[in-house]
Amino acid sequence: MQWTALVVFILFFLLVTILGFFAARWRKGDLSNLEEWGLAGRRFGTMVTWFLVGGDIYTAYTFIAVPGLMYGAGALGFYAVPYTIVVYPIFFMILPRFWSVAKKHGYVTVSDFIQGRFDDRLLALAIALTGIVATMPYIALQLTGMQAVLAAMGIGGEWPLIVAFIILALYTYTSGLRAPAMIAVVKDLMIYITVIVAIIVIPIKLGGFGNIFHSAQTALAHAATPGSIVATPAQYSMYGTLAFGSALALFLYPHAMTGVFSADSRKTVKRNMALLPAYSFALGIIALLGFMALAAGIHTKTSNAAVPLLFLKEFPSWFSGFAFAAIAIGAIVPAAIMSIAAANLFTRNIYRAYFVKNATPQQEGRVAKIVSLVVKLGALVFIIGFPQQYAISMQQVGGILILQTLPALIFGLYTRWFHRRALLVGWLAGIAYGIYMWSTTGYKSTTYTLHLFGQAIPAYAAIWALIVNVIVTVILTLVLNAVRVSQGEDSTTATDYQLETNI
Amino acid sequence: MDNTTPRKKGSPWWYLLILVPLIGTLFPAFYSSVSPELWGIPFFYWYQMLWVIVSAAVSAAMYLLLREN
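Chain B is annotated in an unreviewed UniProt entry as DUF3311 domain-containing protein of Alicyclobacillus acidoterrestris.

Looking at an unreviewed UniProt entry, one finds chain A named Sodium:solute symporter and attributed to Alicyclobacillus acidoterrestris. For chain A, the Subcellular location (unreviewed entry) comment in UniProt is given as "Membrane". Recorded in UniProt under Sequence similarities (unreviewed entry), the annotation for chain A is "Belongs to the sodium:solute symporter (SSF) (TC 2.A.21) family."

In structure tokens:
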């Protein structure tokens, strides 16, 4: 048992918990109302949005799994860096339009937008369900990150996870989105301190970067499944498509969109797309911790343990406790935002759309609070009930699923040419093909080798599925428009997408 | 709503700038090598880290060039 580390860990965890409850009083609003609880009244400025959206992307999973992948498989794990490089310019173009139309019509979720734009309850439901299903294992995965640091301190079993999650559930329930937003600031400061100290201290102890990469190459070459410190030609198309597919998927996740919708202005959204790349640099350094673990001679079968063990070996115990607290809090923040986003989706697009049509904002708020508890409980059951390996592959499948909402959400933002029924069938085709490809690998890998024109091209299955999705959508749109099937009413106008461009 | 007369806005062609980081980073065939090293860091890594800065600069440039007021 690492007592010093544990005491420091608990101290910081308590500090953050108090902040979480205190957040209810911050920028006061009526927390029984869904827009206040679930979007904090759309009043977050540039800085808070930066921390909040950063908190979404920059999770314990990143801190544990990306370096874990580098530790186990070598260069391929570094795809997380180009992924975060390309994501912001792409969404710089797209998200301001989303913010504008959401603000104009009071949309809380992406499915609200689909309903308004395409007048199709079934398509809106499909998008909402995809969001909820893709989010659940993602929340569960935050827990595996927390489990990894707890295990490193010598705490096994499920009860500490249950305690942490009860605390998380209570302050999310009382404070809504204000809690993760406030905690995200503290969490990021802690993570930045950890990263800066790690990048200075560890290379000095391990004899410089040259030595780290050299030792990592030797260790990877002698592994059971040999790896390399640079991508091999066979990995090129996987590396590129994993980065591109993950980037396209990122802001389609309900929790990322929640961060965007809670911004106070269109300008805040644009500024953030220009400021968020600051995180990518830290991500690159964190990824290299995987190689540092190899160079430090850390031997573990569970790659999730690589970074925690590295910290315990190279740092005094109290600093490891601090770093572990940063990682655990880094799991709590996104888990809270994700459960809020899933609750918003359920409340708006299932409860209000199908059960209580004229629900008041208070009723919506109450339902969302309860659903956020249920979602977290579901994640907890998931993590305790299923082996971890299973959860990780589920998360990768989450990317395949969520990417199939792209044609409706992104194309729909620019044009109404695509037919609502075609989008639904395309979505179904993409999901079905994506799951089929995943099943052919025995539910182990999310990259799939397609044989095309005599060439074998391995790539992220999400991209293949998206291509099928788009082809089906285009062909069906041509057919349905030719036979004049009703397109439904569009309740948005062209100017709605430009709201606040003049301010 | 007072958005009847959009004021002067940068040319939408500037949006094509998003292609720059995509081309620069999504094709590892062009940069997957150990040498030239920088402070012992293989090219593969410092090249991509450099793109973090380039991409941030591109985003900032787009923000300024496409300012909507």
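Q: How do you make sense of the overall build of chain A when you look at a structure like this?
A: Counting its regular elements, chain A contains 21 helices and two strands. The C-alpha atoms of chain A give 22 Å as radius of gyration, which agrees with the globular expectation for 503 residues (23 Å, within 12%). Principal-axis analysis of the C-alpha atoms gives chain A an extent of 70 × 65 × 45 Å. Considering chain A as a whole, with its 503 residues, one finds that 64% of them fall into the buried category. Looking at chain A alone, contacts between residues at least 24 apart form 84% of all its contacts between residues at least 6 apart. On chain A, roughly 17800 Å² of surface is accessible, and the fraction owed to carbon and sulfur atoms is 69%.

Q: Can you help me understand the overall build of chain B in this one?
A: A tally of helices and strands in chain B yields two helices and zero strands. The proportion of buried residues among the 69 residues of chain B is 43%. Long-range pairs, those at least 24 residues apart, make up 54% of the contacts in chain B with a sequence separation of at least 6. Surface accessibility of chain B: about 4100 Å² in total, with carbon and sulfur atoms responsible for 72%.

Q: Is there a simple way to explain the interface of chain A and chain B in this structure?
A: Many descriptions give the size of an interface as the accessible area lost when the pieces come together. If you look at the interface, chain A gives 40 residues, while chain B gives 38 residues. Summing the contributions of chain A and of chain B, the shared interface buries around 3600 Å²; its carbon and sulfur component is 70%. Where chain A touches chain B, the interface holds zero salt bridges. For the pair chain A and chain B, the number of links is four residue pairs in polar contact (both at pLDDT 80 or more). Among the secondary structure elements, those contributing two or more residues to the side of chain A that touches chain B are α5 (80-105), α10 (208-221), α11 (236-250), α13 (266-275) and α14 (278-295) of chain A. No other element matches the eight residues that α5 of chain A contributes to the side of chain A that touches chain B.

Q: Honestly, the environment of A422 of chain A in this entry has me stumped. Any pointers?
A: As for its placement among the helices and strands, A422 of chain A is situated in helix α20 (residues 420-440). Ignoring sequence-local partners within four residues, the contact set of A422 of chain A consists of T473, L476, T477 and L480 of chain A.

Q: Just to check I follow, could you spell out the environment of M1 of chain A for this structure?
A: Assignment of secondary structure puts M1 of chain A in the segment before α1 (3-22). Spatially, the C-alpha atom of M1 of chain A lies 35 Å from that of L177 of chain A, the residues being 176 residues apart in sequence.

Q: When you look at unusual backbone geometry in this model, what are you seeing that I'm missing?
A: With the exception of glycine, most residues fall at negative phi, and the peptide bonds are largely trans. Residues and elements named next belong to chain B. That bond from S35 to P36 is cis: its omega, 0 degrees, falls within 30 degrees of zero. Topologically, P36 is positioned in the loop between α1 (19-25) and α2 (43-65). The phi torsion at W39 lies on the positive side, around 50 degrees, for a residue other than glycine. Here W39 shows up in the loop between α1 and α2.

Q: Just checking my understanding: could you explain the pairing of strand β2 (residues 455-460) of chain A for this structure?
A: Each regular strand carries side chains that alternate between the two faces of the sheet. Across six bridges, strand β1 (residues 447-452) of chain A lies against β2 of chain A in antiparallel orientation. Paired with T449 of chain A across the strands is P458 of chain A, a residue of β2 of chain A.

Q: How should the nonpolar core be read in this particular structure?
A: Where a protein is soluble and globular, its nonpolar side chains tend to be buried together. In terms of nonpolar packing, the biggest core is built from 206 residues, with F78, F98, F251, L289, F291 and F311 of chain A together with Y45 of chain B touching the most fellow members. The leading source of residues in this core is helix α16 (residues 317-355) of chain A, at 20 residues. If sequence neighbours within four positions are ignored, Y45 of chain B has contacts with M70, A75, F78, F213, I229, L288 and F291 of chain A.

Q: Help me understand the pattern of salt bridges in this model?
A: Pairing is possible between side chains of opposite charge, provided their charged atoms come close. Residues and elements named next belong to chain A. Inspection of the entire model under this criterion finds five salt bridges over all chains. Among the salt bridges present, the one from R352 reaches E364, with a minimum N-O distance of 3.2 Å. Taken together, the residues R352 in helix α16 and E364 in helix α17 (residues 361-385) connect sequence positions 12 residues apart. Here R352 falls in the partly exposed class, since its relative accessible area comes to 30%.

About the thresholds
- Starting afresh in each chain, residues are numbered from 1 along the sequence in its written order.
- Ligands are numbered from 1 and chains lettered from A, in the order in which they are written.
- Totals for whole chains, interfaces and linings use every residue, but because this is a predicted model, local features are given only for residues with pLDDT of at least 70 and side-chain atom pairs only at 80 or more, for both listing and counting.
- As a rule here, side-chain values cover all heavy atoms of the structure and leave hydrogens and water aside.
- UniProt positions are given in the numbering used here, feature names are shortened, and annotations may be inferred rather than shown by experiment.
- Strands here mean DSSP runs of E at least two residues long; helices mean DSSP runs of H or I at least four residues long; both are numbered from the N terminus.
- Based on C-alpha atoms, the radius of gyration is set beside the globule rule, defined as 2.2 Å times the residue count to the power 0.38.
- Burial classes follow relative accessibility: with a 1.4 Å probe on protein chains only, a residue under 20% of its type's maximum area counts as buried, one over 50% as exposed, and anything between as partly exposed.
- Working rule for contacts: check all heavy atoms of both residues, and any pair within 4.5 Å makes them a contact.
- Only the protein chains shown count as cover for residues, and all accessible areas are computed by the Shrake-Rupley method using a 1.4 Å probe.
- Buried area counts how much accessible surface, traced with a 1.4 Å probe, disappears from two parts once they are put together, with both parts' losses summed.
- Put simply, a salt bridge is a Lys or Arg side-chain nitrogen that is within 4 Å of an Asp or Glu carboxyl oxygen.
- Here a polar contact is taken to be a pair of N or O atoms separated by no more than 3.5 Å, where protein atoms must pair a possible hydrogen donor with a possible acceptor and residues adjacent in sequence count only if both atoms sit in side chains.
- Strands pair, by our definition, only if DSSP identifies at least two bridges between them.
- Remark: nonpolar core denotes a set of buried residues (Ala, Val, Leu, Ile, Met, Phe, Trp, Tyr, Cys) joined through side-chain atoms within 4.5 Å.

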